[in-house]
Amino acid sequence: MSDRTFWENKLGHQHFIGHAIIDGQPYIAADKQVFSVVNPATDRILAEVTACQSEDVDAAVKSARKAFNAGTWSGLAPQDRKTVLLRLSQLILEHREELALLDSVSMGKPVNDALNIDVPGAAHVIAWYAESIDKIYDEIAPTRKGVLATITREALGVIAAIVPWNFPLDIAAWKLGPALAAGNSVVLKPSENAPFSALRLAELALEAGMPAGVLNVVTGLGTETGAALGLHDDIDAITFTGSTAVGKAFMQYSAQSNLKQVWLECGGKSANIIFSDCQDLDLAAEKAAFGICFNQGEVCSANSRLLVERPIYPRFIDKLIQKLNQWRPTHPLDPEARMGAMVSAAHKQKVMGFIQEARNAGAAILTGGSDLEIEGIASYIQPTLIGDLQEDMPAWKDEIFGPVLAVRVFDDEAEAIELANNHIYALAASIWTDDLNRSHRVARLLNAGTVSVNTVDALDVTVPFGGNKQSGFGRDLSLHAFDKFTKLKTTWIELS
Ligand code: NAD
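Scoring rules and cut-offs
- Residues numbered from 1 in each chain as written.
- Predicted model: local features only at pLDDT ≥ 70, side-chain atom pairs only at ≥ 80, totals over all residues.
- Heavy atoms only, no water.
- Helix = DSSP H or I, 4+ residues; strand = E, 2+ residues; numbered from the N terminus.
- Rg over C-alpha atoms; globule rule 2.2 N^0.38 Å.
- Buried < 20%, exposed > 50% of the residue type's maximum accessible area, 1.4 Å probe, protein only.
- Contact = heavy atoms within 4.5 Å.
- Areas by Shrake-Rupley, 256 points an atom, 1.4 Å probe, with all protein chains shown as cover.
- Near = heavy atom within 4 Å.
- Polar contact = N/O pair within 3.5 Å; in protein donor to acceptor, adjacent residues only side chain to side chain.
- 1 Å grid on protein atoms, 1.4 Å probe; cavity = no way out; pocket = protein on both sides within 12 Å on 5 of 7 lines; lining within 4 Å.
- Sits in = over half its atoms within 2 Å of the grid points.
- Salt bridge = Lys/Arg side-chain N within 4 Å of Asp/Glu carboxyl O.
- Phe/Tyr/Trp six-rings, centres within 6.5 Å; stacked < 30°, edge-to-face > 60°.
- Lys NZ or Arg CZ within 6 Å of the ring centre and 35° of its normal.
- Pairing = 2+ DSSP bridges.
- Axes fitted to C-alpha atoms, helices over the stretch in contact; angles between N-to-C directions.
- Parallel < 35°, antiparallel > 145°, perpendicular 65-115°, else oblique.
- Left-handed = near helix turned anticlockwise from the far one by under 90°.
- Nonpolar A, V, L, I, M, F, W, Y, C, P; charged D, E, K, R; others polar.
- Core = buried A, V, L, I, M, F, W, Y, C linked by side-chain atoms within 4.5 Å.
- Points joined across faces, edges and corners; volume = space filled by probe spheres on them.

Concerning the overall build of the protein chain
- For the protein chain, the count of helices and strands is 16 helices and 24 strands.
- Relative to the compact-globule value of 23 Å for 496 residues, the protein chain shows a C-alpha radius of gyration of 23 Å, a close match.
- Its C-alpha atoms put the protein chain at 75 × 65 × 45 Å along the principal axes.
- Counting across all 496 residues of the protein chain, residues that qualify as buried make up 58%.
- At a minimum sequence separation of 6, the contacts of the protein chain that also span at least 24 residues come to 74%.
- Accessible surface, the protein chain: about 19,400 Å² in total, of which carbon and sulfur atoms supply 51%.

Put into structure tokens, the structure is as follows:
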């Protein structure tokens, strides 16, 4: 395992890209505006990055459209796109340390998690879609004799992918894998908090042999660059991951412009239900702690609402507190870190505000509840468990996006399901039970895109990921992701 000095040295020599990438070239916004990207573990600026406005976004969309129409990518045989994407996957692995460092210093995640989870995960997703695309067949409809009706899938054209900062490289890969494999051109807009891995990815795609204009990256603020993409009249579909409020804005942008398709992966507040028939409460407690502490709790599907059946409540809470206390915030470049820095001072304040609000409203802070300074920087929050709260309190109702877990007790299965489902979000849920019938019964009744049984946050490229209600619609991952990036064509031939 590389030590802290290794990563600090690497950071000292790291180049941070400060330009967008349009038409295969470095691109500086016409009005020369920039924004700063700050390392939350040092409060130091990592780089000033060009801030794209409408005219710059227009240049990117034009380049993407030109590439799509020219067929330099869209017109390739699937197996030729596969070859390039497999090369890209390999290059991601070859640049594993650099990509891990870029994400860690931008948004505060432990560098070892970025190295061992995020980067190989992104490479795997790109390879999986590369391998899928030359194995998908079209259909022939069961018509009467004398007709041949084919149902074919075509690439949509130009896709804009707008992604958040919590898994900068991975979520970009979730969008790019299927969108590019299907033959589309893409304009990718990373978060202003963590744009570097996306920019590096675009450079690696060019190195892998992807033609210019097929993958463009525009950098900038959401209200400027993001809105310009949402309102652009020549984008065929938006694939967005981020907050529900911004997801709603994208639906409005679409309605105000060209009625582009909009696919939304938004917020969450996943319920984790522990039934008293669960035999391995130690594992359940360990996973409940993981479910709220991994990535500092900055996870859309974080198991942030815990429901515990009354007979085991005190015993389970004791175990859980022990497990939570093992997740000590640590400097993100320390290879021992399991939990790093919150993404920004503003976000940390927001999370602390939820804790204070709960305290003021009479809820119990069962463990944690404070922020922490490490090496003079107060970007860290202790794992926090809040009990004795009501359903209408913000700590239960709202997505906190930090290591803050809200717990309630329940008396029977029906109450657990009611509490879990009575929420605006419906992204994921977990159940802990050793009763096979109950696991099937409850899983069917929970409103969630993914239900994990005897684990939390089950996630794999082979299965769809996404939510219902205000968690959005459409699915990332699995072969179903192709549905978002392709359109169906019926060709009806009357045969003579
Ligand atoms: P965010 O909504 O603030 O930003 C997401 C992206 O949208 C960024 O690129 C941002 O620049 C852009 N954006 C912001 N405001 C915009 C605007 N007015 N118009 C156009 N674009 C705009 O979200 P975030 O803070 O980056 O990420 C955290 C959120 O993402 C959480 O709500 C989390 O649940 C959600 N998320 C969801 C999933 C999922 O798969 N469902 C996965 C990860 C994160």
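Now that the structure has been shown, the text picks up again.
Some remarks on the site of the ligand
- Surrounding the ligand, one finds 29 residues, the nearest of these being Glu 192, Ser 243, Tyr 253, Cys 266 and Glu 399.
- Within the contact set of the ligand, a nitrogen atom lies 2.7 Å away from a backbone nitrogen or oxygen of Cys 266.
- The cavity where the ligand resides is the largest pocket.
- Mapped onto the shell around the ligand, the elements with two or more residues apiece are helix H8 (222-231), strand E10 (237-241) and helix H9 (244-256).

Describing the pattern of salt bridges
- Scanning all chains against the criterion turns up 25 salt bridges.
- Across the pair Lys 319 and Asp 282 runs a salt bridge, and its minimum N-O distance is 3.0 Å. Within this pair, whereas Lys 319 is found in helix H11 (residues 313-324), its partner Asp 282 is found in helix H10 (residues 281-293), the two being separated by 37 residues in sequence.
- On the basis of relative accessibility, which here comes to 22%, the residue Lys 319 falls in the partly exposed class.
- Here Asp 282 falls in the partly exposed class, since its relative accessible area comes to 40%.
- Put simply, Glu 413 and Arg 438 hold a salt bridge, and the shortest N to O gap is 2.7 Å. Taken as a pair, Glu 413 in helix H14 (residues 413-421) and Arg 438 in helix H15 (residues 436-445) lie far apart in primary sequence, 25 residues in all.

Notes on the packing of aromatic side chains
- Under the counting rule described, the total for this entry stands at 13 aromatic pairs.
- In this arrangement the basic side chain of Arg 338 is found over the ring face of Trp 327, its NZ or CZ atom lying 3.9 Å from the centre.

Considerations on the sheet that holds strand E20 (residues 428-432)
- Judged by pairing direction, the sheet is mixed, and its 7 strands sit side by side in the order E14-E17-E18-E13-E12-E20-E21 without closing on themselves. Both edges of this open sheet fall to strand E14 (364-367) and strand E21 (450-453), since each of them pairs with a single strand only. Taken pair by pair, the neighbouring strands of this sheet meet at an average axis angle of 25°, ignoring direction.
- By the bridge criterion, 5 bridges tie strand E13 (residues 305-309) to strand E18 (residues 404-410) in an arrangement that is parallel. Directly across from Glu 309, in E18, lies its bridge partner Phe 410.
- Along the sheet, H14 contacts strand E12 (271-274), E13 and E18; its crossing angle with E18, the most-contacted strand, is approximately 145°.
- Against the sheet, H15 touches E13, E20 and E21, its axis set at about 160° to E20.

A closer look at the side chain of Glu 98
- Looking at the secondary structure, you find Glu 98 in helix H4 (residues 96-107).
- At a separation of 2.9 Å, a polar atom in the side chain of Glu 98 contacts the side chain of Arg 200.
- Those residues in contact with Glu 98 that sit more than four places away from it in its chain are Lys 10, Gln 14 and Arg 200.

Examining the packing of helix H2 (residues 54-70) against H8
- At their nearest, the axes of H2 and H8 sit 9 Å apart, and the two run at 50° to each other. Comparing the axis directions of H2 and H8 gives the class oblique. Considering only the axes of H2 and H8, their crossing is right-handed. Contacts between H2 and H8 pair Ser 54, Val 57 and Val 61 from the former with Thr 225, Ala 228 and Leu 229 from the latter.
- When grouped by side-chain class, the residues that make up the contact of H2 with H8 number 4 nonpolar, 2 polar and no charged.

Observations regarding the nonpolar core
- Judged by nonpolar contacts, the single largest core of 101 residues is most densely connected at Leu 188 and Phe 316.
- The leading source of residues in this core is helix H5 (residues 111-133), at 11 residues.
- Not counting residues up to four positions away in its chain, the partners in contact with Phe 316 are Ile 274, Leu 281, Ala 284, Ala 285, Ala 288, Leu 306 and Val 308.

Describing unusual backbone geometry
- You will see that Asp 43, though not glycine, has its phi angle at about 65°, which is positive.
- If you trace the backbone, Asp 43 turns up in the loop between strand E3 (34-39) and strand E4 (44-50).

Focus on empty space enclosed by the protein
- Per the stated rule, a full pass over the model turns up 2 cavities of 30 Å³ or more.
- When its volume is computed, the largest cavity comes out at roughly 80 Å³.
- Arg 305, Ala 420, Tyr 425, Ala 428 and Asn 447 are the residues nearest the centre of the largest cavity, which is lined by 14 residues in total.
- Put simply, the parts of the chain that give the lining of the largest cavity at least two residues each are H14, strand E19 (425-426) and E20.
- When grouped by side-chain class, the residues that make up the lining of the largest cavity number 9 nonpolar, 3 polar and 2 charged.
- Estimates place the volume of the second largest cavity at around 60 Å³.

Interpretation in functional terms is not warranted from these geometric data alone.
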